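Residue strings, one per chain:
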Number of protein chains: 2
Amino acid sequence: MTIPTARRRASIADVARIAGVSVGTVSNVLNRPERVLPATRERVEVAIEQLAFVRNGSARQLRAGTITTVGAIVLDLSNPFFTDVVRGIEHRLELDSYTAMVASSDDDPAREHRYLRLFEEHGVLGVMVVPATDEISHLLTLRERGVGVVLLDRPSPVPDLSSVAVDDVLGGELAARHLLEQGHTRITFLNGPHYIRQCADRHAGVVRALEAAGLDPAEALVEVTVPELNADGGEAGIRTLLERGDRPSAVFCVNDLTALGALRTLRREGISVPDDVALVGYDDVTFAAELATPLTSVRQPTHQLGERAADLLLRPPGSPAEQVVFEPELVVRESSTRAA
Amino acid sequence: MTIPTARRRASIADVARIAGVSVGTVSNVLNRPERVLPATRERVEVAIEQLAFVRNGSARQLRAGTITTVGAIVLDLSNPFFTDVVRGIEHRLELDSYTAMVASSDDDPAREHRYLRLFEEHGVLGVMVVPATDEISHLLTLRERGVGVVLLDRPSPVPDLSSVAVDDVLGGELAARHLLEQGHTRITFLNGPHYIRQCADRHAGVVRALEAAGLDPAEALVEVTVPELNADGGEAGIRTLLERGDRPSAVFCVNDLTALGALRTLRREGISVPDDVALVGYDDVTFAAELATPLTSVRQPTHQLGERAADLLLRPPGSPAEQVVFEPELVVRESSTRAA
DNA sequence: ATGAAAGCGCTAACAT
DNA sequence: ATGTTAGCGCTTTCAT
C-alpha cells in the first residue's frame, strides 16, 4: 500500500511484480529471451511497456562489468580533420554495437586528463586519444590499469602501445616532389613550429624530395614559420616573403587554411595562382576543391584512421600492439599546374 | 591470503584495508575531505596513490543517483554549424562541471532513438537534441519519464517543452532586404525542399522582404530547388537557371556550401560576382570570408545556441519551459556589393 | 522454465 | 572523527 509521491524510475522489481514473475525472469527476458516461455515473456513485455521501463545502465554495468562504451579524445572538434576521424570511429564501433563518448581537449593537457579520468570512472573498454603534448606517460599508466589505449594521429614512441597515424614525412615529400616535377627548383614552405610533430615531419619530407632531386635544401628550400596554422598565418607568411623582396614561384603550405590565406594575399598583390605561383596545401578539406582556384592538396585517410583505431581498440585483450601508418595521397588541382 | 591472479581494479575496500581505516572514511576523504582528520586523510591518500585507485562511476551513480552527465544529439557532426553548437554546449556545461556525451544521428531517426535510449539508460540529467524529423512524441514521453529535454535548432511545437532556435524567417528577410537595398528588383533563391523547416522559413522571410518593398513575389522571386544542400547543389541550381536562359542579377543561397557551388559555376561561365551577379549565402562558415570573393552571409549565433540550450537543461527541475529564439545577423562582404 | 538470493562498489545514515 | 551497515538495480549462479 505504498503511494508513490516522488515518481521513481521503474526497476525490474516493479516489472516483476506487475508481471507476476521474479526479477530473474525479467532479467532473462531482457538478456536471454529464448530461455523463457513465450507466454511468460509476453506478460513481462507487457509490463515493461506499461511501466515504460528502461534498464538502469549503471546497475547493469556495475554488476555485469559489461562495457560497450569507449572514449575518444581529439584536439579540436571544430576541425574537419578530427570530425572525419570521429566519424570513422563511430562507423567501426557501430558494427559491434559499441558507442563512443567523444570529447575535445582543445590542446589542453588538463582537459585531456579530466576526460580520461571521467572515461575511466565510467569503466570504458578503452580510449583513443590524440595527445595534447608529447608527454604520454599517463596513457601508459592508464593502460596498466586495464584500460585499452590507442594513440590517434601520432605514432607510438613505445612498441607495446598501439597507434594509428599518417606518414607526414611522405606527405611533405609528395607535395614537394610534385612541385619539382612542375619544373620548380626552389620551394617555399609556409610551416608551423617544429615542436609540432606534423610540422617537423613534413619538413623532413620536403628535404627528402629535394635531395632526391639532387638539390641542396640549404639553397632550394625557404622555410617561413607562420604564427598560426590558419588563414591569417598564411597571409602573414606571404607578407613576410614579399616584404623581404622574395617572390616565390612555388609555395607549399602546412595546411589548407594556411594555403587559403596565402592564396588570398597573393591575389591581392596581383600575383596569379597558378600562373605566377604554384600552390599546394595539406588536408584536402571540403572546400579545397571548391575555391575559385581549386587547391592541390595532400589528402589524409581520415575516415580510415578512425576506423582502424576503433578496430585496434576492440581486438581481444592480449592482442599484440600494432603501429599502423597510413599513406597520404596527393590530389592535384589547378592551383599548382600551369596551363600548357 | 588471496593471490590476485587476474588483476582487478582496486575498490575503496582495498584502499581502506591498506590505509587501515573503514570504507566510510575513504568515502569521506573522497567526497567530504574536511570531515576527516588530516593525518587520516594523508594515510588514505597515500593508499589511493599506491593502488592507483580510480572510483567506480557506475557504483557511485547507482548509489548516489548523482548525475553530472547530459546528452546531445545533432544531425551531423561534420557540419561546422553543429560543431559550433556543441562547443557552446560544452562551454556552458563546464561552468557546472557537467559533461556531455555527444552523438550524431545522421538524420536517421533510428540512430536518434538508439542514442536516446543509451543516454536514458545511463541516467543522464537530460538531453539536447536536434530532431531528425518533425515527429517528436518520443521526446515528450522521454520527458515524462523524468529526463530533461531541450530542442535544439527547432522551435518547440508545444508550450511546455523548452527549445532554442534561430529565426530563419528573419534570416531570409535580412538576406533579401539587403539585395533589394542594393538596387535589385528580382531575387533568385537557390533553396532546398520546403519540408525542411529551415528552407520553408527562409523562403517566407524572402517573401516578407519583397512584400515590404512593394514587390509581388510571384514576379520578383524565382525559386530554384537544389538537389542537395551543398556545392554540387549550387552548381546544379545555377546551371538550371542558365539553361533556361534566365540570367539572375541577385542570388540568395540557402547555405554557404550552395553559394560556393554557385560562385564557382558563375565564374566558369564568365559571369562576375559581384559585378554581374550579387550573391548571398547562409551560415557564415569559416571560409566564407576567405574566398577569393568574400561571401556575404547570414550568421547564426551557433555558440550561443548551444550555451543557452545547456543553460535551460541545467535549470532546477520544475522550472517553466522556455522557447528561445535568436536573431541571425547579416554579414556584408564583397560578393553582394558592387564597387561604387 | 522459473525463483531465490548473493553481491558488484559505492554513499549516506546511523552508531560509536 | 571514524566505523558499521543497508541498499541502489541489476546479473547470475544455484535450487527447484
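Residues numbered from 1 in each chain as written. Chains lettered and ligands numbered in written order. Predicted model: local features only at pLDDT ≥ 70, side-chain atom pairs only at ≥ 80, totals over all residues. Heavy atoms only, no water.

Draft legend 1. Spotlight on the domain arrangement of chain A. Entries for chain A in the domain assignment read domain 1 (12-55), domain 2 (67-166 + 302-327) and domain 3 (168-301 + 330-336). Of note, the centres of domain 1 of chain A and domain 3 of chain A, computed from C-alpha atoms alone, are 64 Å apart. (Domains from an automatic or database assignment.)

Draft legend 2. Focus on the environment of P38(B). Along the chain, P38(B) falls in helix α3 (residues 38-51). P38(B) sits 11 residues away from S27(B) along the chain, and the two C-alpha atoms are 15 Å apart. (Helix = DSSP H or I, 4+ residues; strand = E, 2+ residues; numbered from the N terminus.)

Draft legend 3. Inspection of the interface of chain B and chain A at higher detail. On the chain A side, the residues contacting the 45 residues of chain B number 46 residues. Of the roughly 4300 Å² buried at the junction of chain B and chain A (both faces included), carbon and sulfur atoms supply 50%. For the pair chain B and chain A, the interface holds 8 salt bridges. Two residues, R87(B) and D106(A), come together in a salt bridge whose shortest N-O distance is 2.8 Å. The tally of links between chain B and chain A comes to 12 residue pairs in polar contact (both at pLDDT 80 or more). When residues of the side of chain B that touches chain A are traced back to their parent elements, those giving at least two are α4 (57-64), α5 (80-95), β2 (99-104), α6 (109-121) and α12 (256-268) of chain B. If one sorts the elements of the side of chain B that touches chain A by residue count, α6(B) sits on top with 7 residues. Split by residue class, the side of chain B that touches chain A holds 16 nonpolar, 10 polar and 19 charged. (Contact = heavy atoms within 4.5 Å. Buried area = accessible area lost by both parts, 1.4 Å probe. Salt bridge = Lys/Arg side-chain N within 4 Å of Asp/Glu carboxyl O. Polar contact = N/O pair within 3.5 Å; in protein donor to acceptor, adjacent residues only side chain to side chain. Nonpolar A, V, L, I, M, F, W, Y, C, P; charged D, E, K, R; others polar.)

Draft legend 4. Here's a closer look at the packing of aromatic side chains. Residues and elements named next belong to chain B. What the rule picks out here adds up to 9 aromatic pairs over all chains. Aromatic side chains F81 and F82 sit 5.2 Å apart centroid to centroid with 75° between the ring planes, which places their arrangement in the edge-to-face category. Accessibility classification places F81 together with F82 in one group, the buried group. Summarising the aromatic geometry, the rings of F252 and Y282 are spaced 6.2 Å apart at their centres and angled 40° between planes, so their arrangement reads as tilted. (Phe/Tyr/Trp six-rings, centres within 6.5 Å; stacked < 30°, edge-to-face > 60°. Buried < 20%, exposed > 50% of the residue type's maximum accessible area, 1.4 Å probe, protein only.)

Draft legend 5. Region of interest: the UniProt feature "domain: HTH lacI-type" (unreviewed entry) in chain A. The sites that carry the UniProt feature "domain: HTH lacI-type" (unreviewed entry) are, in the present numbering, residues 10-64 of chain A. Strand forms 0% of residues 10-64 of chain A and helix 71%; the C-alpha atoms that close the span are 20 Å apart. (UniProt positions renumbered as here; feature names shortened; annotations may be inferred.)

Draft legend 6. Looking closely at the pairing of strand β3 (residues 126-129) of chain A. Residues and elements named next belong to chain A. Residues G126 and M128 line one face of β3 and the alternating positions V127 and V129 line the opposite face, and both faces are buried. Alignment of strand β1 (residues 69-74) against β3, held across 3 bridges, turns out to be parallel. Counted as the bridge partner of G71 is V127 from β3. Crossover handedness for the path β3 to helix α7 (residues 137-144) to strand β4 (residues 148-152): right-handed. (Pairing = 2+ DSSP bridges. Right-handed = clockwise from strand over helix to strand, strands pointing away.)

Draft legend 7. Quick peek at the protein's contact with DNA strand D. Not every one of the 26 residues close to DNA strand D is listed here, only the nearest: I12(A), T25(B), L37(B), T40(B) and R63(B). Each atom of DNA strand D within 4 Å of the protein was classed as base or backbone; sugar and phosphate made up 66%. Listed by contribution, the elements that provide at least two residues to the surface near DNA strand D are α2 (23-31) and α4 (57-64) of chain A together with α2 (23-31) and α4 of chain B. Sort the elements by how many residues they give to the surface near DNA strand D and α4(A) lands first, with 4 residues. (Near = heavy atom within 4 Å.)

Draft legend 8. Fine view of the relation of the copies chain B and chain A. If you rotate chain B by 180° and push it 0.0 Å along the axis, it lands on chain A with an RMSD of 0.1 Å. Those values place the two copies in the arrangement expected of a two-fold rotation axis. For chain B, the minimum C-alpha distance to the rotation axis belongs to S58(B) and amounts to 2.3 Å. In this assembly the copies share their binding face: 100% of the residues contributing to the interface of chain B also contribute to that of chain A. (Least-squares fit on C-alpha atoms with pLDDT ≥ 70 in both.)

Draft legend 9. Geometry of the side chain of H138(B). Residues and elements named next belong to chain B. Along the polypeptide, H138 turns up in helix α7 (residues 137-144). Taking relative accessible area as the criterion, H138 reaches 16% and is therefore assigned buried. A polar contact is formed between the side chain of H138 and the side chain of E112, at a distance of 2.8 Å. What H138 contacts, discounting residues up to four positions off in sequence, is E112, H113 and L116.

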